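# Inside the fold
One-letter residues, chain by chain:
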Amino acid sequence: MSRAIRAWLHEAARSGDAVAAARAAAEAVAADPWAVVREAGALARCHLVPTPTDRRLTPEITVPAGAPWPAPHPGRAAKGAWDTPPELARRAVAAAGQGGVTLDPACGSGALLLAAHEAGADEIWGTDLDPAALAVAAVAVPRARLGLADALAPGAAVDRVVINPPFVAAELQSRASRAALRERWPWLSGRFDLSVAVIAAASERVRRGGGLGIVAPASLLTEPYAAGLRARWLATDRVTTLGPVERFPGVAARVAVVGVIVGGPPGPVPSGIGAEDLLALRGVPLDPAARPGDAAILRTAAARSIPLGDLAVIDTGVVSHGPDGGKASRLFDLPGPGRVPYADARGFFAGERRWLAYEPKRMHRAKSPALFEVPKVVVQRIGRGLVRAAVDREGVYVGHTCTVVVPREIAPELVCRFLTDPLTAGLLQIAHGSRLDLYPHDVADLPFPRSWLEGAASPLEAAWGLDRAQSRRLAALALAGRLK
Ligand SMILES: C[S@@+](CC[C@H](N)C(=O)[O-])C[C@H]1O[C@@H](n2cnc3c(N)ncnc32)[C@H](O)[C@@H]1O
């Protein structure tokens with residue numbers, strides 16, 4: 001690293017230009033292209049700022065006060081700028097297949113371009129919004145055709161697109177840009193990560209019959225906001241590589257390599273599950289751990305059941321804040337006039353209660369007292385593995401981190417037993433993948449066995465008519481979800 005740093009410091013002090021400094025760092029280690037990506041790439045993501053005091057960068061290198069040093073860029077998270085390690089880059093490139101022009105529309109310092117070069121790509125193109133990263137990519141892969149461009153902008157169709165998109169959480173995106181993206185892809189919903197939009201744009205750059213190789217955030221495989229994209233891959237394209245889910249080195253992100261042939265023909269995903277089976281699930285999950293036969297378990301259970309939504313009122317809890325302030329202004333530690341007992345998911349299951357000044361007209365999504373002041377089942381919305389649920393007969397108003405189930409003619413205890421059964425957790429994993437976010441419609445879809453309505457609450461596997469292998473599979477899924 002020290003050669004690249006020295007070159008960066010020298011050029012930064014000479015020209016004060018971050019792009020020139022990144023290029024100098026890259027040229028200093030040009031003999032090893034992966035060192036260019038790794039070392040100069042990291043420097044290209046830094047700010048060029050004078051250090052107020054002497055600053056030790058490595059045991060051998062100290063930057064004197066007043067000279068520029070490579071400060072970590074404050075906007076790095078908002079740009080999603082993390083470079084792909086070589087082995088992962090190679091797998092993403094392999095997932096896109098071979099031949100013709102390979103484009104990385106968010107190429108950064110060139111990891112995927114370099115992997116494409118190693119794989120013998122005919123032509124290599126790259127674009128990015130970061131000129132310093134592009135200067136590094138130009139040294140890493142001299143034959144690549146590079147340019148400054150927005151990956152979201154439409155462009156010429158190519159044979160292969162490889163991409164590790166910027167992962168940018170909803171709260172780091174501007175309202176205006178989110179609205180524009182939703183207009184372009186109406187299926188984009190909820191708190192979508194920017195990566196989903198960038199991947200949608202990338203798919204549109206691939207010619208029919210061409211390939212897409214993605215380092216995808218794991219959330220893309222199961223989150224409802226990306227269901228539209230998954231549905232398209234299954235209905236009109238063909239998923240040829242899927243997972244496993246793995247950690248992205250150096251960042252708290254989980255990713256999976258996904259390969260897609262654009263324009264199909266549609267067919268089973270690599271694990272052997274038919275595209276139609278996955279398309280029939282509301283969440284259209286693309287879970288690498290799913291197996292052939294899983295969807296049949298759902299169908300078997302559904303055939304002997306009634307959707308829970310037909311037997312209960314199901315809704316999310318109350319959103320306590322309103323236009324006149326956050327929830328802190330409505331929540332109290334002590335009871336008082338107009339206050340109702342309240343708990344969010346964590347507090348509810350810990351047995352903690354607070355007091356909510358309940359004024360429906362001044363609250364967002366206040367819901368109705370009829371949802372809370374009756375015997376009900378409170379379900380924790382977000383989690384892994386087993387469903388967390390408990391019966392409440394004390395009229396607690398729960399927050400929107402909970403889903404509330406008010407059974408019409410069944411005992412709440414029976415509904416609670418149904419929801420917390422490990423087999424139900426296994427079934428949910430088939431329907432949604434391993435991260436549970438139990439919105440009312442997800443709970444409403446659950447197949448409540450008819451025989452339980454008739455008073456015979458036999459074990460769920462019998463009530464659903466599952467064979468031994470099927471119930472073992474559900475139990476294993478529930479256990480694996482808990483361990484994840
Ligand atoms: C996760 S990095 C991946 C870089 C490189 N492809 C790799 O695999 O190492 C994402 C890249 O997207 C770039 N980026 C962010 N928003 C972009 C946009 N709208 N258009 C093009 N590139 C963008 C960032 O500068 C960053 O280089």
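Residues numbered from 1 in each chain as written. Predicted model: local features only at pLDDT ≥ 70, side-chain atom pairs only at ≥ 80, totals over all residues.

## Concerning the overall build of the chain
In terms of helices and strands, the chain carries 21 helices and 24 strands. The dimensions of the chain, computed from C-alpha atoms along their principal axes, are 80 × 55 × 40 Å. Looking at the 484 residues of the chain, the share that counts as buried comes to 47%. Here the analysis covers contacts within the chain between residues at least 6 apart in sequence; of these, 69% occur between residues at least 24 apart. (Helix = DSSP H or I, 4+ residues; strand = E, 2+ residues; numbered from the N terminus. Buried ≥ 20, exposed ≤ 12 C-beta atoms within 10 Å, placed from the backbone. Contact = placed C-beta atoms within 7 Å.)

## Re unusual backbone geometry
Of note, the amide linkage connecting Gly-243 to Pro-244 takes the cis form, showing an omega dihedral of 5°. One can find Pro-244 in the loop between β10 (238-242) and β11 (246-248). Look at the link from Gly-264 to Pro-265: it is a cis peptide, with omega at 10°. One can find Pro-265 in the loop between β12 (253-261) and α12 (275-279). Its identity is not glycine, yet Val-284 carries a phi of approximately 45°, on the positive side. Secondary-structure assignment places Val-284 in the loop between α12 and α13 (294-303).

## Overview of helix α17 (residues 422-432)
Most of α17 sits out of view: eleven of its eleven residues are buried. Taken as a whole, α17 has its buried residues at Pro-422, Leu-423, Thr-424, Ala-425, Gly-426, Leu-427, Leu-428, Gln-429, Ile-430, Ala-431 and His-432. With its phi angle positive at about 90°, Gly-433 sits one or two positions after the end of α17.

## Considering the sheet that holds strand β20 (residues 389-392)
If you walk across this open sheet you meet the four strands as β14-β22-β18-β20, and the pairing is antiparallel. Looking at which strands have only one partner, the edges of the open sheet turn out to be β14 (312-316) and β20. Each strand of the sheet is rotated relative to its neighbour by a mean of 25°, with strand direction disregarded. Where strand β18 (residues 376-380) and strand β22 (residues 402-407) come together, four bridges link them in antiparallel fashion. Its bridge partner being in β22, Val-377 is matched across the sheet by Val-405. Across the sheet, helix α16 (residues 412-420) touches β14, β18, β20 and β22, and the angle it forms with β20 is around 170°. (Pairing = 2+ DSSP bridges. Axes fitted to C-alpha atoms, helices over the stretch in contact; angles between N-to-C directions.)

## Overview of the domain arrangement of the chain
Taken domain by domain, the chain comprises domain 1 (2-65), domain 2 (86-288) and domain 3 (297-483). In this assembly, seven residues from domain 2 lie in contact with six residues from domain 3. Tallied by class, the residues present in the side of domain 2 that touches domain 3 amount to three nonpolar, two polar and two charged. (Domains from an automatic or database assignment. Nonpolar A, V, L, I, M, F, W, Y, C, P; charged D, E, K, R; others polar.)

## Remarks on the pairing of strand β16 (residues 339-343)
The pairing of β16 with strand β17 (residues 354-357) spans four bridges and is classified as antiparallel. Within the sheet, the bridge partner assigned to Pro-341 lies in β17 and is Trp-355. Relative to strand β21 (residues 397-398), β16 is paired through two bridges, and the arrangement is parallel. Looking at β21, one finds that Tyr-342 is bridged to Tyr-397.

## As for the packing of helix α1 (residues 2-15) against helix α3 (residues 33-44)
Viewed as axis vectors pointing N to C, α1 and α3 meet at an angle of 35°, and their least axial separation amounts to 9 Å. As α1 runs across α3, the sense of the crossing is right-handed. Residues Ala-4, Ile-5 and Trp-8 of α1 touch α3, and the partners they reach there are Glu-39, Ala-40 and Leu-43. Split by residue class, the contact of α1 with α3 holds five nonpolar, no polar and one charged. (Left-handed = near helix turned anticlockwise from the far one by under 90°.)

## Observations regarding the nonpolar core
Ala-22, Ala-25, Val-136 and Ala-137 are the most contacted members of the largest nonpolar core, which totals 145 residues. Among the elements that make up this core, the one with the highest residue count is helix α7 (residues 131-140) (nine residues). Setting aside anything within four residues of it in sequence, one finds Ala-137 in contact with Cys-107, Gly-108, Ser-109, Gly-110, Leu-113, Gly-126, Ala-144 and Leu-146. (Core = buried A, V, L, I, M, F, W, Y, C linked by C-beta atoms within 7 Å.)

## Some points on the sheet that holds strand β15 (residues 331-332)
Sheets are built from strands paired through backbone hydrogen bonds, the pairs being either parallel or antiparallel. The strand order across the open sheet built from four strands is β15-β17-β16-β21, with neighbouring strands paired in mixed fashion. What marks the edges here is a single partner per strand, and that holds for β15 and β21.

## Some points on α3
Of all twelve residues making up α3, ten are buried, and the element is well covered by its neighbours. Those residues of α3 that sit buried are Pro-33, Val-36, Val-37, Arg-38, Glu-39, Ala-40, Gly-41, Ala-42, Leu-43 and Ala-44.

## Regarding the environment of Ala-200
The residue Ala-200 is located in helix α9 (residues 194-204) in this model. When residues no more than four places from it in sequence are discounted, the contact partners of Ala-200 are Trp-185 and Leu-229.

## Topic: the packing of helix α5 (residues 86-96) against helix α6 (residues 111-118)
Look at α5 against α6: their axes get within 8 Å of each other, and the N-to-C directions meet at 65°. For the crossing formed where α5 meets α6, the hand is right-handed. Residues Pro-86, Ala-89, Arg-90, Ala-92 and Val-93 of α5 pack against Ala-111, Leu-112, Ala-115 and Ala-116 of α6. Taken together, the residues of the contact of α5 with α6 break down into eight nonpolar, no polar and one charged.

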